[in-house]
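Inside the fold
In case you want the letters, here they are:
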Amino acid sequence: MKDMIDNSALRAQYNPEGSDLRKAQMRMLDILKVVDGICRKHGLKYWLTCATLLGAIRHGGFVPWDDDLDIAMMREDYLKLMEILPKELPENLELQNDVTEPGYVYLYAKVRDKNSLIVETCDVNKRFKQQGLFIDIFPMETSIFGLCKISAPLFNRMCFNVALNRGTDCTLYKMNRFILVKVLFPCFRFISKLIGPKDKVHHTFGVNFLQEKTTQMIFPLGKVKFEDVELSAPADPDAYLTKHFGNYMRLPDNIQPVHAEEIKIW
């Protein structure tokens, strides 16, 4: 199937060499190479996920029209990485999470490039202090699907929508976030560890990706070619991508960049 997709034609159309999108993709890959080196140095395991893994398998690198790069890791390694990155990232990169930037809404982190700008379509994202090109780092954990399914709309209603309409400085946002992140989600996590399945993996509570994975799909991690480098990937990329996208080898009917209104690189 991969051989039937004319990747050369797609790249010529959507991200030819020298285009702003291609330059942005290469800058994001540079960020990942730094994070990859830090993870290997400290024995932390991550893998390509979402459209980034899809691009690796279907296109040999970036999905030609994609302006995003996603990796995932188990929550234990994620928490360690959050402690390490501020100490070891080079000067041109910065970690973005709710510790480094209190107004940052999401429950996953970004590593941003300081020498660039991406203006995203989401109004909440436009309010963040850090606005450079980025990679997303998603924490994942073994948990009960029903609790994950509850957590995502709760977070959207109580935090994301409040941030969108009233900002992150308001008392309601801060109170709601505390209730969810410091009280309710830890309870969900405790229940999952106590009685939940040990082989069902989901994005951390409050993240709006609900496709259940299994530990057998992910571990032991393998390698996949991505552009000019080999990077960590799930053990069974086909099962992983099928669970996430369905028929992932089929090209979408309506192709357009996902996030960016404007990209600048200097």
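Throughout what follows, the structure given in this document is the object of discussion. (Residues numbered from 1 in each chain as written. Predicted model: local features only at pLDDT ≥ 70, side-chain atom pairs only at ≥ 80, totals over all residues. Heavy atoms only, no water.)

Some details on the overall build of the protein chain
Helix and strand counts for the protein chain stand at eight helices and eleven strands. A compact globule built from 266 residues would reach a C-alpha radius of gyration of about 18 Å, and the protein chain, at 18 Å, matches this within 12%. If you line up the protein chain on its principal axes, its C-alpha atoms span 50 × 40 × 40 Å. By the burial criterion, 51% of the 266 residues in the protein chain qualify as buried. Accessible area for the protein chain stands at about 12500 Å²; split by element, carbon and sulfur atoms hold 55% of it. (Helix = DSSP H or I, 4+ residues; strand = E, 2+ residues; numbered from the N terminus. Rg over C-alpha atoms; globule rule 2.2 N^0.38 Å. Buried < 20%, exposed > 50% of the residue type's maximum accessible area, 1.4 Å probe, protein only. Areas by Shrake-Rupley, 256 points an atom, 1.4 Å probe, with all protein chains shown as cover.)

Let's talk about the pairing of strand β9 (residues 222–226)
Bridge analysis of β9 against strand β10 (residues 229–233) gives five bridges, and the strand direction is antiparallel. Among the inter-strand pairings, Lys225 is bridged to a residue of β10, identified as Glu230. What sits between β9 and β10 in their antiparallel hairpin is a turn of two residues, with Glu227 showing a positive phi close to 55°. (Pairing = 2+ DSSP bridges.)

Here we look at the nonpolar core
Residues Leu48, Ile71, Leu81, Leu85, Val111, Ile135 and Ile137 are the most contacted members of the largest nonpolar core, which totals 77 residues. In terms of residue count, the dominant contributor to this core is helix α5 (residues 145–166) (nine residues). When neighbours within four sequence positions are excluded, Ile71 is seen to be in contact with Leu32, Val35, Tyr46, Trp47, Leu48, Thr49, Ile135, Asp136, Ile137 and Phe138. (Core = buried A, V, L, I, M, F, W, Y, C linked by side-chain atoms within 4.5 Å. Contact = heavy atoms within 4.5 Å.)

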